[in-house]
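Examination of the molecular architecture
Here is what each chain is made of, one letter per residue.
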Amino acid sequence: MYPNLKRLLRTHRSAIAAILLGMGMLQQGCGSKPYSPAPCGVALSGDIVARQFAQWQRGEGNFFDLLHDDVIWTVSGRSPVSGTYKGKACFMNQAVAPVFGQLRAPLVPELIDITTDNKYVWLHFKARATTLSGRIYENTYLWKLQLETGKIIRGIAFLDTHELVILMKDNRSENRTGPQETMEATGEYLGMWVTKDGHIRHELLPNGRYDESRGTRKSAYRGRYKVTGNHIDYRDDTGFTVDGEFKDGILYHAGMILYKE
């Protein structure tokens, strides 16, 4: 009897599987969708990256807000900022800030594609901006991203590092201050600066201190600042440094665009 049963199971395996699937005894992929080799978690991560990129593209947010505090980020190639950074503060301070500090205004990104595989989200885009020396900086990026609980925990950035090397050689000093009416001279930098979506509220106090709130998180960052002409340097109480520029009444700071309230 048992040999006959085994032959029956082998012969009708597909039909039996279909019956069990219809009875809900076998699961097919995530939820009721057809099977896909990419886990649902990766697809969700792709949606998160797409939303954050769209906000960045509209000038309503900073893409790097998506980084986990303990992120490990690698900049490929050979450039002044190439290497592996452990932790968001380290990456923002030692890689992002030096690059953004060479620009008159934040990078303007343009999406090429977002794809996912079994583990990673691949973000392909190009971006451009005017440097402090008046040159146009353009580059194409491919970021390999791994997310957990909605945050990027690992990232590898591939880009044209030759263009990055040229950018880092730009002379910053000649464009740091205006001829007469600078923010330093007028004192108009004092007060509250806010992103368009209201998520980030960045207050520059008269005592040389700043206090930045993010969403419901009050005093997320605090420290000292110094304004030189239209340039501002920050030193956070946790130890990292970053800078920004005032241009046409707008504060461009660490990839963010802030308006005077």
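Right, let's walk through the structure included here. None of the values given here were measured: they were computed from a predicted structure.

**What about the pattern of salt bridges?**
What the rule picks out here adds up to seven salt bridges. The salt bridge partner of Glu60 is Arg58, with a shortest N-O separation of 3.1 Å. Residue class for Arg58 comes out partly exposed when judged on its relative accessible area of 47%. Ionic contacts of the salt-bridge type, sharing partners, join the residues Asp65, Glu212 and Arg214 into one network.

**Let's talk about helix H4 (residues 88–100)**
The terminal C-alpha atoms of H4 lie 16 Å apart, and with 13 residues this falls more than 12% below the ideal 18 Å at 1.5 Å per residue. Approximately 25 degrees is the largest bend angle found in H4, and it occurs at Gln94, with the proline Pro98 only one to four residues beyond. Of all the positions in H4, only Lys88, Phe91, Met92, Ala95, Val96, Ala97, Val99 and Phe100 are classed as buried. For H4, the secondary structure elements touched by its buried residues are strand S1 (67–75), strand S2 (83–86), helix H5 (161–168), strand S10 (217–228) and strand S12 (241–247).

**Things to note about empty space enclosed by the protein**
According to the stated counting rule, one finds two cavities of 30 Å³ or more in the structure shown. Taken as a whole, the largest cavity holds about 250 Å³ of empty space. Lining the largest cavity are 18 residues, with Phe64, Phe91, Val99, Tyr141 and Trp143 positioned closest to its centre. For the lining of the largest cavity, the elements supplying multiple residues, two or more each, are S1, H4, strand S5 (136–148) and strand S6 (151–159). Looking at the lining of the largest cavity element by element, the count peaks at five residues for H4.

Conventions and cut-offs
- Residues numbered from 1 in each chain as written.
- Predicted model: local features only at pLDDT ≥ 70, side-chain atom pairs only at ≥ 80, totals over all residues.
- Heavy atoms only, no water.
- Salt bridge = Lys/Arg side-chain N within 4 Å of Asp/Glu carboxyl O.
- Buried < 20%, exposed > 50% of the residue type's maximum accessible area, 1.4 Å probe, protein only.
- Helix = DSSP H or I, 4+ residues; strand = E, 2+ residues; numbered from the N terminus.
- Expected span 1.5 Å × (residues − 1).
- Bend = angle between axes of the 7 residues up to and from the residue.
- Contact = heavy atoms within 4.5 Å.
- 1 Å grid on protein atoms, 1.4 Å probe; cavity = no way out; pocket = protein on both sides within 12 Å on 5 of 7 lines; lining within 4 Å.
- Points joined across faces, edges and corners; volume = space filled by probe spheres on them.

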